[in-house]
Amino acid sequence: MDSGGQRAAGKTDGRLDRIDRRILRALQADGRLTNAQLAEAVGLSPSPCWQRTRRLESEGFIKGYTAELDQARLGAAETVILEVALEHHDDAALEAFGRAMVEIPEVLEVYLTTGEYDYFVKVAVNGTAGYEEFLRTKLYRVPGIRHSRSSFTLRCLKRSSAPVPD
């Protein structure tokens, strides 16, 4: 076992060693691990593991802990990828669109992008009828949209919140 205590207590230079990466991968796989379970999984004793985890949190490598919800059980089994082009590209238009997307519960993710479309939006809906309702009652009421294009996803092959470097 690697004690890891000295590094956890004193070294905060923003670099990750192999134990830090093990901790991140283990927590990414199961954020509900107890400190004792995490310590065993990464080969540390509990105290140094706790110190390292707290350091990873304080340095921003771990931004928080969430529960992964079942989209289908919540009545929105389909995911739609939506590309949106705006009429104008000034700061006010970009800011207004971003604020509008944050307020819509069905919107899971929003990215400002380069290329033909200005935004990439991931939306959870209940089938084609749910998507039509989303378009009519929410998206089309957002001012400044020039054009949009959508695709229903068939299956998610991989989902990860962030890559942990080797």
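Preceding this paragraph is the structure being described.
Along each chain, residue indices are assigned from 1 in the same order as the chain's sequence is written. Where local features are concerned, this predicted model is filtered to residues with pLDDT of at least 70; where side-chain atom pairs are given and counted, the filter is 80 or more; whole-chain, interface and lining totals use all residues. Side-chain numbers here rest on the full set of heavy atoms in the structure, without hydrogens or water.

A.B. asks: Could you clarify how one ought to interpret the pairing of strand β2 (residues 107-112) in this entry?
C.D. replies: Looking along a regular strand, one sees the side chains alternate between the two faces of the sheet. By the convention used here, strands pair only if DSSP detects at least 2 bridges between them. Helix numbers and strand numbers start at the N terminus; a helix is a DSSP run of H or I with at least 4 residues, a strand a run of E with at least 2. Pairing analysis gives five bridges linking β2 to strand β3 (residues 119-125), with the strands arranged antiparallel. Residue pairing across strands places V110 opposite V121, the latter belonging to β3.

A.B. asks: For this particular structure, what's the right way to read the packing of helix α3 (residues 35-42) against helix α4 (residues 46-58)?
C.D. replies: Helix-helix packing is characterised by the crossing angle of the two axes and by the distance between the axes. To get an axis, a line is fitted to the C-alpha atoms, and for a helix only the part in contact is used. The angle between two axes follows their N-to-C directions and goes from 0 to 180 degrees. Where α3 contacts α4, the axes come no closer than 9 Å and their chain directions differ by 100°. As judged from the angle between their axes, α3 and α4 are roughly perpendicular. Residues N35, L38, A39 and V42 of α3 lie in contact with α4, whose contacting residues are P46, C49, W50 and T53. Partitioned by chemical class, the residues of the contact of α3 with α4 number six nonpolar, two polar and no charged. Oblique is the label for every angle not falling under 35 degrees (roughly parallel), over 145 degrees (roughly antiparallel), or within 65 to 115 degrees (roughly perpendicular). We call two residues in contact when some of their heavy atoms are within 4.5 Å. Basically, the charged four are Asp, Glu, Lys and Arg, the nonpolar ten are Ala, Val, Leu, Ile, Met, Phe, Trp, Tyr, Cys and Pro, and anything else, Gly included, counts as polar.

A.B. asks: Could you clarify how one ought to interpret α3 in this entry?
C.D. replies: Each α-helix winds once per 3.6 residues, and so residues spaced three or four apart point in a common direction. Looking at α3, one finds that the buried residues are L38, A39 and V42. Looking down the long axis of α3, one finds its buried residues gathered within 100° of arc, a one-sided arrangement. Set apart from the buried face of α3 by more than 90 degrees, the exposed residues are E40 and A41. Taken together, the buried residues of α3 touch α2 (18-29) and α4. A positive phi of about 80° marks G43, the residue just after α3. Buried residues are those whose accessible area, probed at 1.4 Å on protein chains only, stays under 20% of the maximum for their type, while exposed residues exceed 50% and partly exposed ones sit between those limits. By definition, the arc is the one covered by directions from the helix axis to the C-beta atoms.

A.B. asks: Would you mind going over the environment of D91 with me for this structure?
C.D. replies: Relative to the elements of secondary structure, D91 occurs in helix α5 (residues 91-102). When the C-alpha positions of D91 and P165 are compared, they lie 34 Å apart, and in sequence the two are 74 residues distant.

A.B. asks: Help me understand the nonpolar core, please; the structure alone is not making it clear to me.
C.D. replies: Nonpolar side chains in soluble globular proteins generally cluster together in the buried interior. To define a nonpolar core, start from buried Ala, Val, Leu, Ile, Met, Phe, Trp, Tyr and Cys residues and group those joined through side-chain atoms within 4.5 Å. One finds L82, V84, F97, M101, V121 and F134 to be the most contacted residues of the largest nonpolar core, which totals 19 residues. Those elements that provide at least two residues to this core are β1 (78-86), α5, β3 and α6 (127-137). Not counting chain neighbours up to four residues away, the residues in contact with F134 comprise L82, I104, E106, V107, V123, V125 and L139. A26, A39, L56 and I62 belong to the second-largest nonpolar core, a separate cluster that totals 14 residues.

A.B. asks: What is the right way to look at the pattern of salt bridges in this model?
C.D. replies: Close approach of charged atoms allows side chains of opposite charge to pair. Throughout this description, the term salt bridge denotes a Lys or Arg side-chain nitrogen within 4 Å of a carboxyl oxygen of Asp or Glu. A complete count under the given rule lists 12 salt bridges for this structure. In this structure, the salt-bridge partner of E106 is K138, at a minimum N-O distance of 2.7 Å. Taken together, the residues E106 in the loop between α5 and β2 and K138 in the loop between α6 and β4 (145-152) connect sequence positions 32 residues apart. According to the relative accessible area criterion, E106 is partly exposed, its value standing at 22%. Classification of K138 as partly exposed rests on a relative accessible area of 27%. Here the residues in one salt-bridge network are D17, D20, R52, R55 and E59, joined through shared partners.

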